[in-house]
Amino acid sequence: MIERPPARDRRLPILEITPPAPTAGRAAPDPADRRLGEFRPETRALPSFFVWTLGCQMNRSDSEEMAGRLLASGATEAPTMEAADLVVINTCAIRELAEAKVIGRQGHLQRLKAANPSLRVVLTGCAVRERDRHGLEHRYPAVDLFLRPDEEPELVDRLGLASAQAPVGAVGATTVVGRTVVGVADHLAATRAAAVAGGSVQRGSAVSAWLPIIYGCDKTCTYCIVPFSRGPERSRPFDDIVEEARSLAVAGFREVTLLGQNVNSYGHDLPAESRFGHIATERWAGRRLDLGSRPDLAELIRAIDAIRTADGAPAIPRLRFITSHPWDLSDRLIEAMAECPSLCEALHLPVQSGDDEVLRRMGRQYTTEHYLERLATIRAAIPGITVSTDVIVGFCGETEAHFERTLRFLEAVGYDQVFAAAYSERPGTPATRLADDVPAAVKRRRLNELLAVQEPIGFERNREWLDREVEVLVDAVARARSHDHDGPAPAGEGSGAEEHRGVQPGPGEVALSGRTRGNKLVHLAGHPDWIGRLVTVRVEHAGPYALRGVAIA
Ligand code: SAH
Ligand code: SF4
Ligand code: F3S
């Protein structure tokens, strides 16, 4: 139940940034000095900032927006935390460990502040929840300013850096969802659109772009902090998203990933419009929603896919979305996935457990039977699609028999990749009312067992690509690690090194890496200017976590 009290104005505390003292010992230049022509006065009135981002793609996307706002206000980016006057920490709270990482850096930050009294620290992201606000200063003693995720657009204003170019923007207001106070945050869609229109989003890659389509989460997974951190679902307006996609196409991006905690529920909160009159999807689980005449993810994918070049090819050759909740995975979406050439043949569909009793306690709203039915429909519609998932081991009340069923489930599905994590109790979530009764050592053992079961399955999936030609979007000079997911640890994270080592660059070549449409990591030798290009590669070697091949075109 969402109650929306009238938006209340909050007082807007401004964090004062004191300009650093002029560098000691710098004497006024001698007017006769020949180098005067090159002299740049050292007026560092605006801070240099460093953004430390933890957590998922949503956080990375939010950090791109914050960095863009800071740059637009005239601040500059510092290469390290140690060199910055302003440190912005974008936190994750999905597991205790994620929060502990930042808590553990407080001493370091306090030492940096002692050495540089003008240093200011801002903490935002999912660790900043309204109901725990009073405890934040105690947990994060080095922090000067806390912003909830929905308050991030206020960053520049709160730092007193707003200018004519970056006028005072959103002012936060709160609402109550259940018993949780969260930001109304209806500003997020508008401030995003303004940032895109103003060209200020500081994208981390020139090849692949994140595109947020829905903020927050309305699901009721009992273990999960996200609905409390991110608030209720708010979809961005359809045309804003298509416009952002168009601008990404014009800017030459080759890959766009639509982002949301649950992209499949995109659009249910938008007004009905006659142009979407043909949409009449029924939601089969959870809260009954009137989805008629509202845009959905399928419609959005079709609209972005329809942005074409003069020769009729999709202007953005690769379109992805993350994450999908099985309960909202509609037939309309599966049809759009099958029919749109730009939509990549890869799906991340978190299952969390292979046991129905555990799923019920997790509040996931589907059974394994339903999950398997959706998966069979998808696999029939898109043969060869790669499928990855998330699993939590050691959830409250998980017995050996429950866990065994999860292992058998992984074997039955044959996932390409599994991201697994041990259950971590999160304060304020419904699962705190259940006993966290699986001992830590048992959680660890189950995690290792699960990874050991999955490794040969992933290996077998990769071997299916041997001797085949694949299209690789080259995106980096190769790293030895296969890691593109900040959720649970991918099974065998850090592996794939063997495929990297096996690359033998010729003269003028370097070791490169990229992804297939199925999101498989591929190592290859090639020219550095291939980054951003789609290259045809023959797969010559498959490991459990990566492929290696030779460019043939
Ligand atoms: N919205 C996404 C998940 C985002 S969180 C979805 O529903 O799929 C990413 C993953 O973190 C989840 O899929 C889950 O596997 C894991 N996770 C969430 N809360 C957790 C907790 N309390 N302990 C351990 N893992 C958790
Ligand atoms: Fe968390 Fe569930 Fe929402 Fe995913 S769908 S963010 S797991 S509450
Ligand atoms: Fe973490 Fe928040 Fe993402 S809790 S996983 S950063 S939505």
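In what follows, the accompanying structure is described. (Residues numbered from 1 in each chain as written. Chains lettered and ligands numbered in written order. Predicted model: local features only at pLDDT ≥ 70, side-chain atom pairs only at ≥ 80, totals over all residues. Heavy atoms only, no water.)

**Some points on the nonpolar core**
Rule in force here: Residues belong to one nonpolar core when they are buried, are Ala, Val, Leu, Ile, Met, Phe, Trp, Tyr or Cys, and are joined through side-chain atoms within 4.5 Å. Throughout, exposure labels follow a simple rule: accessible area from a 1.4 Å probe, protein chains only, divided by the maximum for the residue type, with under 20% read as buried, over 50% as exposed, and the rest as partly exposed. What counts as a helix is a DSSP run of H or I of at least four residues, what counts as a strand is a run of E of at least two, and both are numbered from the N terminus. What counts as a domain boundary in this text is fixed by an automatic or database domain assignment. Here a residue-residue contact requires only that any non-hydrogen atoms of the pair lie within 4.5 Å.
Core analysis: the biggest nonpolar cluster contains 70 residues, and I213, L258, I301, F321, Y415 and L450 have the highest contact counts within it. Per-element tally for this core: the top contributor is helix 8 (residues 238-250), with six residues. Residue assignment places this core across two domains, with domain 1 (16-344) and domain 2 (354-464) each supplying three or more. The contact partners of F321, leaving out residues within four places of it in the chain, are T257, L258, V263, N264, L297, I301, L333, M337, L343 and L347.

**Some points on empty space enclosed by the protein**
How we decide: Detection works on a 1 Å grid of protein atoms alone, calling trapped sets that fit a 1.4 Å probe cavities and calling open sets with protein on both sides within 12 Å along at least five of seven lines pockets, with lining residues defined by an atom within 4 Å of a point. Grid points are joined across faces, edges and corners, and a volume is the space filled by probe spheres set on the points. Each residue is assigned to one class: nonpolar for Ala, Val, Leu, Ile, Met, Phe, Trp, Tyr, Cys and Pro, charged for Asp, Glu, Lys and Arg, and polar for all the others, Gly among them.
This structure, assessed with the given rule, holds three cavities of 30 Å³ or more. Taken as a whole, the largest cavity encloses approximately 780 Å³ of empty space. Taken together, 46 residues form the lining of the largest cavity, with I94, C224, V226, Q261 and D390 sitting closest to its centre. For the lining of the largest cavity, the secondary structure elements donating two or more residues are helix 1 (57-72), helix 7 (226-230), strand 15 (386-393) and strand 16 (417-422). Across the lining of the largest cavity, the residue classes tally to 23 nonpolar, 16 polar and seven charged. Size it by volume and the second largest cavity reaches roughly 110 Å³. Along its surface, the second largest cavity is lined by D62, E65, M66, R69, P149, D150, E152, P153, L188, Y215 and R230. In terms of residue count, helix 1 provides more of the lining of the second largest cavity than any other element does, four residues in total.

**Observations concerning the site of ligand 2**
Keep this limit in mind: Being near a molecule or strand, for a residue, means having at least one of its heavy atoms within 4 Å of it.
Around ligand 2 sit C217, K219, C221, Y223, C224, V226, P227, Q261, H325 and R364, and those are all the residues in its vicinity. When grouped by side-chain class, the residues that make up the shell around ligand 2 number six nonpolar, two polar and two charged.

**Remarks on the sheet that holds strand 13 (residues 318-322)**
Note the following rule: Here, a strand pair is defined by DSSP locating no fewer than two bridges between the strands. Note on method: axes are straight lines fitted to C-alpha atoms, helices fitted across the in-contact stretch only, with angles between N-to-C directions ranging 0 to 180 degrees.
Pairing is parallel across the open sheet formed by three strands, whose spatial order is 9-12-13. Two strands in the sheet have a free side with no partner beyond their single neighbour: strand 9 (208-212) and strand 13. Pairwise comparison of adjacent strand axes, ignoring direction, gives a mean angle of 25° for this sheet. Of the strands in this sheet, strand 9 and strand 12 (255-259) are in contact with helix 8, which crosses strand 9 at around 170°.

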